[in-house]
Amino acid sequence: MPKSKRDKKISLTKTNKKGKLLKQQIVEDVRNCATKYKRIFLISVQNMRNNIMKDLRNELKDSRFFFGKNKVIALALGRTPEKEIVKGINVLSNELIGQCGLLFTNLKTKEVLQWMEEREELEFARSGFVPDVSETLPAGPMPLFPHSMEPYLRQLGMPTELQRGVVILTKDFKVCRKGQPLTPEQAKIFKLVGKRVATFKLIPIGIYSTKHGYKRLSSSDNKKENGIEEMEVTDDIVTT
């Protein structure tokens, strides 16, 4: 049998190490930003949605967001005073734990915090989301759904039946309970009925500048305690 031209052996020693190259690029980008921008915000995102983040990146075209790969970003900034890329940033580097990211910007502190406060958007919840209220659908006709959807609604656990071609919810149906994570079925039900119960929100955790170092924010109610007002007054800080 003739040998196929597509049957070519490739030595693994000759493959491109894209992962390593990507990490090196991230390290370089983060270090450049650390010396270019005046302030660095450590932030977390409640109910992350990539499409919304894309819009936010476009709004702040002169700033830079970095999410994920905490170990790589921490390595770039430096975890110790001896290895830090700029003075005092090792404190911020060691705060990179869990689902968080960095915003490098030259905007005023007050302006950024206000911008984050205004960027709340309701979204459909996903599996695992913990609702802060219980939700119940009342019994009765459900004209939103065609008759062909009725078997699928029953598969999701809803007590439905067809009456003269109309989908009927035979009794009140509790979609979720307060404090209990949503199952995949519950998340699908919320999306089917068009109810958005999750809120996309940017949450500032801390702020870094070379003059003031790293200031941690515990909540929006204690900005003064954490030095925010002082930083607003001295917003002409320039990183080195």
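The structure under discussion appears in the preceding block.
Residues numbered from 1 in each chain as written. Predicted model: local features only at pLDDT ≥ 70, side-chain atom pairs only at ≥ 80, totals over all residues. Heavy atoms only, no water.

Right, let's get into the pattern of salt bridges. Applying the stated criterion to the full structure yields 8 salt bridges. For Arg 49, the salt bridge is made with Glu 123, and the minimal N-O distance between the two is 3.9 Å. Of this pair, Arg 49 sits in the loop between strand E1 (39-46) and helix H2 (50-59) while Glu 123 sits in strand E4 (residues 121-123); the two residues are 74 residues apart in sequence, bridging distant segments of the chain. The residues Arg 49 and Glu 123 share a single accessibility class, namely buried. In this structure, Glu 59 engages Arg 119 in a salt bridge whose closest nitrogen and oxygen atoms are separated by 2.6 Å. With Glu 59 in helix H2 and Arg 119 in the loop between helix H5 (109-118) and E4, this pair connects stretches of sequence that are 60 residues apart. What makes Arg 119 partly exposed here is its relative accessible area of 22%. Overlapping salt bridges bring together Arg 49, Glu 123 and Arg 196 as one network. (Salt bridge = Lys/Arg side-chain N within 4 Å of Asp/Glu carboxyl O. Helix = DSSP H or I, 4+ residues; strand = E, 2+ residues; numbered from the N terminus. Buried < 20%, exposed > 50% of the residue type's maximum accessible area, 1.4 Å probe, protein only.)

Taken as a whole, the second largest pocket encloses approximately 170 Å³ of empty space. What lines the second largest pocket is Ser 44, Val 45, Met 48, Phe 67, Gly 68, Asn 70, Gly 98, Gln 99 and Cys 100. Here the residues of the lining of the second largest pocket are counted per class, giving 4 nonpolar, 5 polar and no charged. (1 Å grid on protein atoms, 1.4 Å probe; cavity = no way out; pocket = protein on both sides within 12 Å on 5 of 7 lines; lining within 4 Å. Points joined across faces, edges and corners; volume = space filled by probe spheres on them. Nonpolar A, V, L, I, M, F, W, Y, C, P; charged D, E, K, R; others polar.)

Residues of H5 that are buried include every one of Thr 109, Val 112, Leu 113, Trp 115 and Met 116, and no others. All buried residues of H5 fall inside an arc of 160° around its axis, so they share one side. (Arc of directions from axis to C-beta.)

This paragraph deals with unusual backbone geometry. Backbone phi values are negative for most residues with the exception of glycine, while trans is the configuration of most peptide bonds. A positive phi angle, near 55°, is found at Asn 47, a position not held by glycine. Of the residues examined, Asn 47 reaches a relative accessible area of 19% and is grouped as buried. The phi dihedral of Arg 164 falls on the positive side, at around 55°, and the residue is not glycine. Note on placement: Arg 164 falls in the loop between strand E7 (160-163) and strand E8 (166-169).

This paragraph deals with the side chain of Thr 105. Looking at the secondary structure, you find Thr 105 in strand E3 (residues 101-105). Overall, the relative accessible area of 0% leaves Thr 105 in the buried class. Setting aside its immediate chain neighbours within four residues, Thr 105 contacts Tyr 37, Lys 38, Arg 39, Phe 41, Ser 63 and Val 112. (Contact = heavy atoms within 4.5 Å.)

Let us now look at the nonpolar core. Residues Leu 77, Leu 92, Leu 102 and Phe 104 are the most contacted members of the largest nonpolar core, which totals 24 residues. With near-sequence residues (within four places) excluded, Leu 77 lies in contact with Val 30, Ala 34, Lys 83, Glu 84, Ile 85, Ile 89, Leu 92, Ser 93, Leu 96 and Leu 102. (Core = buried A, V, L, I, M, F, W, Y, C linked by side-chain atoms within 4.5 Å.)

Across 4 bridges, E7 lies against E8 in antiparallel orientation. Within the sheet, the bridge partner assigned to Thr 160 lies in E8 and is Leu 169. Connecting E7 to the next strand, E8, in antiparallel fashion are 2 residues, including Arg 164 with a positive phi near 55°. (Pairing = 2+ DSSP bridges.)

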